[in-house]
Amino acid sequence: MRVAYVLSSPRAASHKLAQMILPQLEAGVHGAEVVGIFFFDDNCLVLQRGNPIGERLSRLAREKGILLMMCDLCALERGLAEGEPRWCTREGEGRKTPGVCRVAPHVVEGVEVGCFPDLYRALAGRVDQVITL
């Protein structure tokens, strides 16, 4: 089974991912193939360079081809991205063409920034279940 995780609840990255899922993935005993992890709110903060969780995730994502993507608005609000929101404005209005938003230099390697249209495109045909934590 191929799964993608959406980390939306408080401490989903620092507790559930870091303390449960990541060690299982590193040991090869998780039981599902993780193809993507989408980070919302403060969960994005683990992806800063130097954060042990983010560094481990970056390494694992490179080895296993796991998509690591931060919500563009969440990343912009926390200084983890630069530019403008991809598919919405800061006022909450939608747009027909994507804004330019890039990952800040102090984020671990291999992380992307995007919104739902970007996530759907990146995971199309690659996932059987999406699990929200």
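Shown above is the structure to which this text applies.
Here the structure is a predicted model, which means the values were calculated and not measured. (Residues numbered from 1 in each chain as written. Predicted model: local features only at pLDDT ≥ 70, side-chain atom pairs only at ≥ 80, totals over all residues. Heavy atoms only, no water.)

Caption draft 1: Seen up close, helix α4 (residues 116–123). When we look at burial in α4, the residues that qualify are D118, L119 and L123. Angular distribution of buried residues about the axis of α4 spans 115°; they occupy a single face of the element. Of the exposed residues in α4, those oriented more than 90 degrees away from the buried face are Y120 and R121. In this structure, the buried side of α4 is in contact with β1 (2–7), β2 (33–39), β3 (67–71) and β6 (111–114). Remark: G125 follows α4 within two positions and exhibits a positive phi of approximately 75°. (Buried < 20%, exposed > 50% of the residue type's maximum accessible area, 1.4 Å probe, protein only. Helix = DSSP H or I, 4+ residues; strand = E, 2+ residues; numbered from the N terminus. Arc of directions from axis to C-beta. Contact = heavy atoms within 4.5 Å.)

Caption draft 2: Here's a closer look at the side chain of D118. Note that D118 resides in helix α4. Polar side-chain contacts of D118 include one of 2.8 Å to the backbone nitrogen of C115. Leave out the neighbours within four places in its chain, and D118 touches M69, R86 and W87. (Polar contact = N/O pair within 3.5 Å; in protein donor to acceptor, adjacent residues only side chain to side chain.)

Caption draft 3: Representation of the pattern of salt bridges within the structure. One pass over the structure, following the stated rule, counts 7 salt bridges. Across the pair R56 and E26 runs a salt bridge, and its minimum N-O distance is 2.7 Å. Of this pair, R56 sits in helix α2 (residues 52–64) while E26 sits in helix α1 (residues 12–27), and the two are 30 residues apart along the sequence. A relative accessible area of 39% means that E26 is categorised as partly exposed. Several salt bridges converge on common partners, so that one network encompasses D42, E77 and R78. (Salt bridge = Lys/Arg side-chain N within 4 Å of Asp/Glu carboxyl O.)

Caption draft 4: Main features of the environment of G36. Following the sequence through the fold, G36 ends up in strand β2. On the basis of relative accessible area, G36 is assigned to the buried category, the value being 1%. Residues G36 and V113, 77 residues apart in the sequence, show an inter-C-alpha distance of 13 Å. When sequence neighbours within four positions are dropped, the list of residues in contact with G36 reads V3, A4, Y5, I66, L67 and L123.

Caption draft 5: Expanded view of the pairing of β1. A large share of β1 lies buried, amounting to 5 of its 6 residues. The pairing of β1 with β2 spans 6 bridges and is parallel. Bridge pairing in β2 links V3 to V34. With α1 bridging β1 and its parallel neighbour β2, the resulting β-α-β unit is right-handed. Where β1 meets strand β7 (residues 129–132), 4 bridges bridge the pair, whose relative direction is parallel. Counterpart to V3 in the pairing with β7 is Q129. (Pairing = 2+ DSSP bridges. Right-handed = clockwise from strand over helix to strand, strands pointing away.)

Caption draft 6: Unusual backbone geometry, seen in detail. The phi dihedral of R11 is positive, around 65°, even though this residue is not glycine. Here R11 lies in the loop between β1 and α1. With relative accessibility at 52%, the residue R11 sits in the exposed group. The phi dihedral of D41 is positive, around 50°, even though this residue is not glycine.

Nothing here speaks to function; it is all geometry.
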